[in-house]
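Coordinates in review
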Amino acid sequence: MNRMASQLDERIATITRQRSELEAMLSSMVEAVIEVDPEKRIMRCNQAAGRLFQFDMETAKNRHIQEVIRNVDIQQFVNATLESQTPVEDVIMLNSDNELFL
């Protein structure tokens with residue numbers, strides 16, 4: 001039992017360390033990153049994504065991407081990506097005035 005408890009503690013420590021490393025990497029990126037689950041709920045995002053799409057990172061978590069980002073092209077891209085077995089690429093215009101492309 002002690003050995004199993006020790007192994008479990010090691011696994012939990014490894015997962016915690018990996019999660020911290022991932023969060024640090026995401027927060028330091030200048031590129032907008034949004035992770036969604038198969039149900040299209042936002043699991044993680046970084047500050048760059050919050051600034052780009054004008055949402056609060058903390059309140060966006062676990063919400064459906066349609067609730068947070070009201071852009072049909074983004075929603076169609078997410079749908080296509082989740083339905084595909086291969087990488088999906090596209091060009092999306094966010095703002096025609098400033099010619100902001102993703």
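Residues numbered from 1 in each chain as written. Predicted model: local features only at pLDDT ≥ 70, side-chain atom pairs only at ≥ 80, totals over all residues. Heavy atoms only, no water.

1. Description of the overall build of the protein chain
Along the backbone of the protein chain there are five helices and four strands. Sequence-ordered secondary structure for the protein chain, helices as α and strands as β, is α-β-β-α-α-α-α-β-β. Computed over C-alpha atoms, the radius of gyration of the protein chain comes to 17 Å, more than 25% over the 13 Å expected from 2.2 N^0.38 for 102 residues, which places it beyond the range of a compact globule. Relative to its full complement of 102 residues, the protein chain shows a buried share of 20%. When the accessible area of the protein chain is evaluated, it comes to approximately 7900 Å², of which 50% is carbon and sulfur surface. Distance between charge centroids for the protein chain: 9 Å, based on 11 positive and 17 negative side chains. (Helix = DSSP H or I, 4+ residues; strand = E, 2+ residues; numbered from the N terminus. Rg over C-alpha atoms; globule rule 2.2 N^0.38 Å. Buried < 20%, exposed > 50% of the residue type's maximum accessible area, 1.4 Å probe, protein only. Areas by Shrake-Rupley, 256 points an atom, 1.4 Å probe, with all protein chains shown as cover. Lys, Arg positive; Asp, Glu negative; His and termini not counted. Charge placed at Lys NZ, Arg CZ, Asp CG, Glu CD.)

2. Comments concerning the nonpolar core
In this structure, Ile-42, Cys-45, Ala-49, Phe-53, Phe-55, Ala-60, Ile-65, Val-68, Ile-69, Ile-74, Val-78 and Ile-92 together form the largest nonpolar core, which totals 12 residues. Among all residues touching Val-68, those that are not within four sequence positions of it are Ile-42, Phe-55, Ala-60 and Arg-63. (Core = buried A, V, L, I, M, F, W, Y, C linked by side-chain atoms within 4.5 Å. Contact = heavy atoms within 4.5 Å.)

3. Considering the pattern of salt bridges
Using the criterion set out here, one finds seven salt bridges in the structure. The partner of Arg-44 in a salt bridge is Glu-35, with the nearest N and O atoms 3.0 Å apart. Among the residues examined, Glu-35 registers a relative accessible area of 35% and is labelled partly exposed. Here Glu-39 makes a salt bridge to Arg-41, at a shortest N to O gap of 3.4 Å. Residue classification places Arg-41 among the partly exposed positions, given a relative accessible area of 34%. (Salt bridge = Lys/Arg side-chain N within 4 Å of Asp/Glu carboxyl O.)

4. Thoughts on the confidence of the model for the protein chain
Confidence in the prediction of the protein chain, expressed as mean pLDDT, is 91, and 99% of residues score 70 or more. Model confidence for the protein chain, summarised as mean pLDDT per element, is weakest for strand β3 (residues 93-95) at 83 and strongest for helix α4 (residues 65-68) at 95. (pLDDT = per-residue confidence, 0-100.)

5. Comments concerning the environment of Ser-28
By the element assignment, Ser-28 lies in helix α1 (residues 2-28). According to the relative accessible area criterion, Ser-28 is exposed, its value standing at 56%. A distance of 3.0 Å separates a polar side-chain atom of Ser-28 from the backbone oxygen of Met-25. (Polar contact = N/O pair within 3.5 Å; in protein donor to acceptor, adjacent residues only side chain to side chain.)

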